[in-house]
Amino acid sequence: MAQQVFPTKGNLIASKKTLSLSTMGYDLMDKKRNILIREMMGLVDQAKQLRDEVDAIYDQAFAALRNANITLGNIGEIAESVPLDDGITIGYRSVMGVDIPTIHCEKRPLELSYGLYDSNSQLDYAFLCFQKVKEITVTLAEIENAAAGLSDAIVKTQRRANALKNVVIPNLESTVKYISDSLDEKDREEFSRLKVIKAQKSTKAKRKAAGKAQPETEAC
């Protein structure tokens, strides 16, 4: 559906320029969407692999914890001696203008915070397993959050691309055609009018020439 604009050359030039920019915008949106989809699919594959690893590591860690509880009894007091980990920081990286969260876990040398007298190798093994669980969970959280952010960006980009392709560009094309047809019609009308005026002038000139020649003939 053409926009209601006055058919002038200025409006035609402006509409063609807007149409060119809209077409360029759609191409960029389409490229952005494809890049985001490739990025997200790569993250989805990584997340799927990590989930399988996380499940196996969690099973291993909880099995080690059960064995430690069996051999030492309730290890709640020992667990409270383990300090909280504050080495996790969150940042962002940009993918085609989309901010993707990044999670960094500071790697520190492992140090046992409990005494050796009240512990055993089963507790040490459980401690090491949960350290590995922490590291892989941080990586999985980063990937899943990045994939979710990319998914939202893909939906928004798709909507904008569809709006350009199905609404904005067709309307501009109709507007350009309407103005072009109107200007062509005006040119044809002007051409026809000029031909009529030229024919009228030519007829008047012939009549005037004939009127001057007639008295000369009668004088003879």
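Look above for the structure.
Throughout what follows, the structure given in this document is the object of discussion. (Residues numbered from 1 in each chain as written. Predicted model: local features only at pLDDT ≥ 70, side-chain atom pairs only at ≥ 80, totals over all residues. Heavy atoms only, no water.)

1. Quick notes on helix 1 (residues 9-72)
In step 1: Its 64 residues place the ends of helix 1 90 Å apart at the C-alpha level, agreeing with the 94 Å of an ideal helix rising 1.5 Å per residue.
In step 2: Following helix 1 by one or two positions, G73 has its phi on the positive side, about 85°. (Helix = DSSP H or I, 4+ residues; strand = E, 2+ residues; numbered from the N terminus. Expected span 1.5 Å × (residues − 1).)

2. Here's the deal with a nonpolar patch on the surface
In step 1: A cluster of nonpolar side chains, contributed by L21, M24 and L28, occupies part of the molecular surface with about 310 Å² of accessible area.
In step 2: With respect to the helices and strands, L28 occurs in helix 1. (Patch = residues over 30% accessible without salt bridge, like charges linked within 9 Å, V, L, I, M, F, W, Y side chains within 5 Å. Areas by Shrake-Rupley, 256 points an atom, 1.4 Å probe, with all protein chains shown as cover. Salt bridge = Lys/Arg side-chain N within 4 Å of Asp/Glu carboxyl O.)

3. Points about the pairing of strand 2 (residues 98-105)
In step 1: Sheet topology note: the strand 1 (residues 88-95)/strand 2 ladder contains eight bridges and is antiparallel. If you follow Y92 over to strand 2, its bridge partner there is P101.
In step 2: In sequence, strand 1 turns back onto strand 2 through a hairpin of two residues, with M96 there showing a positive phi of about 55°. (Pairing = 2+ DSSP bridges.)

4. A look at the pattern of salt bridges
In step 1: Across all of its chains, the model carries five salt bridges by this definition.
In step 2: R33 is the salt-bridge partner of D30, the closest N and O atoms lying 1.9 Å from each other. Of the two residues, D30 and R33 both sit in helix 1, three residues apart, roughly one turn of that helix.
In step 3: Put simply, R93 and E39 hold a salt bridge, and the shortest N to O gap is 3.4 Å. Pair noted here: R93 is in strand 1 and E39 is in helix 1, with a separation of 54 residues, a long-range link.
In step 4: We classify E39 as partly exposed; its relative accessible area is 27%. (Buried < 20%, exposed > 50% of the residue type's maximum accessible area, 1.4 Å probe, protein only.)

5. A short note on a negative patch on the surface
In step 1: A surface patch of like charges, here negative, comprises D52, E53, D55 and D59.
In step 2: Relative to the helices and strands, E53 resides in helix 1.
In step 3: Look at E53 and you get partly exposed, because its relative accessible area is 34%. (Lys, Arg positive; Asp, Glu negative; His and termini not counted. Charge placed at Lys NZ, Arg CZ, Asp CG, Glu CD.)

6. So, the nonpolar core
In step 1: Counting 23 residues, the largest nonpolar core has L36, L43, I100 and L150 as the members making the most contacts within it.
In step 2: If you tally residues by element for this core, the top one is helix 3 (residues 121-219), at 11 residues.
In step 3: Residue contacts for L43: discarding those within four places in its chain leaves I143, A146, A147 and L150.
In step 4: In this structure, L164, I169, V176 and L183 belong to the second largest nonpolar core, which totals 10 residues. (Core = buried A, V, L, I, M, F, W, Y, C linked by side-chain atoms within 4.5 Å. Contact = heavy atoms within 4.5 Å.)

7. What about the side chain of R33?
In step 1: On the basis of relative accessibility, which here comes to 14%, the residue R33 falls in the buried class.
In step 2: Residues in contact with R33, not counting those within four places in the same chain, are I154, T157 and Q158.

8. Description of the packing of aromatic side chains
In step 1: Here the structure, examined in full by the defined rule, presents two aromatic pairs.
In step 2: Both rings, one in Y58 and one in F62, keep their centres 6.0 Å apart while their planes meet at 20°; by these two values the pair is stacked. Remark: F62 and Y58 occur in helix 1; sequence separation between them is four residues, near one turn of the helix.
In step 3: Accessibility expressed as a relative area gives 40% for F62, which makes it partly exposed.
In step 4: Note on F62 and F130: the rings are 5.5 Å apart at their centroids and 85° apart in plane angle, and the pair reads as edge-to-face. Of this pair, F62 sits in helix 1 while F130 sits in helix 3; the two residues are 68 residues apart in sequence, bridging distant segments of the chain. (Phe/Tyr/Trp six-rings, centres within 6.5 Å; stacked < 30°, edge-to-face > 60°.)

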